[in-house]
Structure formats: structure tokens, C-alpha cells
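# Structural overview
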Amino acid sequence: MSSPHQSVPPAKSSHTTDEGTDTGRPSRPGGLRAVGPGRLAAIGAVVLAYLIFVVVGTVQDWSLGVRIGLIVPVAVIVWLLVPRKTDTPTPGVHVIGVPRLAYIGVLVLAFCVFFPFVGWPVALWPLLLAPVIAVWWVVRTHTTVSEAGLDLSSMTKKKHLDWARVKGISIPKRGYVRARLDDDSEVKLPAVGYDRLRELIEASGGRLPDVFAAAEAAEAERLAAERATAKAESDAKAETEAKATEPDAEPKSEQ
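Nothing here was measured: the structure is a model prediction, and the numbers come from that model.

Each helix and strand counted, the protein has seven helices and seven strands in total. Each helix and strand of the protein, ordered N terminal to C terminal, gives the series α-α-α-β-α-α-β-β-β-β-β-β-α-α. For the protein, with 255 residues in total, the buried portion stands at 29%. Taking all contacts inside the protein whose residues are at least 6 apart in sequence as the whole, residues at least 24 apart take part in 62%. With the model as given, the accessible surface of the protein reaches about 16000 Å², and the carbon-plus-sulfur share is 64%.

This part is about unusual backbone geometry. Its identity is not glycine, yet Asp184 carries a phi of approximately 70°, on the positive side. Within the secondary structure, Asp184 sits in the loop between strand E6 (178–181) and strand E7 (186–188).

In this section: the sheet that holds strand E2 (residues 142–146). Spatial strand order, E1-E2-E3-E4: four strands in an open sheet with antiparallel pairing. At either end of the open sheet lies a strand with only one pairing partner, and these are strand E1 (93–97) and strand E4 (158–161). Going from strand to strand, the sheet's axes swing by 15° on average, the running direction of each strand aside. Where E2 lies against strand E3 (residues 149–153), five bridges are found, and the strand directions are antiparallel. Residue Ser146 lies in a different strand from E3, and its bridge partner there is Gly149.

Conventions and cut-offs
Residues numbered from 1 in each chain as written. Predicted model: local features only at pLDDT ≥ 70, side-chain atom pairs only at ≥ 80, totals over all residues. Heavy atoms only, no water. Helix = DSSP H or I, 4+ residues; strand = E, 2+ residues; numbered from the N terminus. Buried < 20%, exposed > 50% of the residue type's maximum accessible area, 1.4 Å probe, protein only. Contact = heavy atoms within 4.5 Å. Areas by Shrake-Rupley, 256 points an atom, 1.4 Å probe, with all protein chains shown as cover. Pairing = 2+ DSSP bridges. Axes fitted to C-alpha atoms, helices over the stretch in contact; angles between N-to-C directions.

Written out as C-alpha cells, the structure is:
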């Protein structure tokens, strides 16, 4: 398991994939991943309007409090435009994505670049792109597991892999887990690190073998063999000690 580029051949199965999301809970549409083109355009328009307001305010030398204060209603409007989660599950689909806690890091990053944007030289304004890129990375980076195969989504492209093409998986020392294809090439599975490997195996519905169970069985066999060896050595030592403590044979009687 720990060696790099370990290949695991998938097992054939007709099992259906469990429902789930990037956290393993039942799949529910919501958040930025569920934003349609109309709402996405509305969110972009609100954010763009605020940025124009800040730029004009900076040029006109408006009060810093006015420029910063408007961020609160802008944030509320954007939050209202983002779709809420519903209770409707998506059957047969499991999404492994970047954990939602990553948005906390995005907020911290946005807070760090916000004040240079509203109060410091114009040369620092491009820093505002950093949280935008971070949000784009969180939203776009995920691997979707379904009966049709694997759908891979990165920041710049999407790709679909049929199960028939997946020969196994490869576990590098660093980075995402890779899918080994029938042509011996490898493709990264976005957001699937070693800590999400068990989730990937369970979501595959048996198409990928449970390598953790195999590793546990091998470890159990190793421990059993070690215990058997230790017992054999202990028995041999006890037998030797027993022979050493036996009384010497009685001397032959004098004629």
C-alpha cells in the first residue's frame, strides 16, 4: 500500500454505486456547484458592480468606511443567490470533491487581500484574483463516481473514463491517486488523495477491490505467522530446558 505506483486491478461487479457527496453524505444539489448560468451571471453582476463601486470610490477619494461598508449587503445578496441544499438525493452518483472547509481558507484569503484592494495602491488590486481563483479551484476540482464510469473535473478541463478503460489504480507518494488505464497510461483523479481512497473504493460498487481489507488480511496472516514462529521457538526452548534439568541416569550397580 505504501509503495509508489501500486496498481490495483478492478473487480467486475454489477453493484450499484452508493449515493453520496464529497463528504460521504447523501447527494444533494446546492452550493456553487449547483448554480445555473442565470444565477451565476447574477452573482457575477453583483460582485462586478461592487468592484466598480470600489474603483470609482477610490478614484473619487470617497470615505474608506463607505467603500468597505457596502461589502455587507453585497455578501448577503450573493448568499441569497447561491442555491440552498434540498433533500432530494442523486441516486447512483458519488462526488469526491475538495472538502467544504476549504471555503474557510478562501474567506481568510479574501480578507487578507480585501483591505489592500480598497485602501492601497492600484498596483495591488490584482491580488483580488487570488480568492476568485481559489473558489474556482474548490468548485471545479472533483471526481464523480457513477455506473457510467469516472468523471474527472479539474480547473481547466473535464474528462470521462468508462469503467471498461480502468485497469486499476496507482498510489503515488504524493498528490492525487491515479487511475491506470488499459493502455498503461495514468490519469490523476482530482480531489482523491490517499485519505479519500476508501471512499473511492466504496463508491465504485465493487468495481475496485477493497485494498484495505486485503492489506488487513495480509497483516493478520503476517501476525499469525509471527505468533506461530514465536510459539515454536518457545516450545523448543522449553523442551531443551526440560532435558537439561532431567536427573542423570543412575550409575550401574557394582558386580
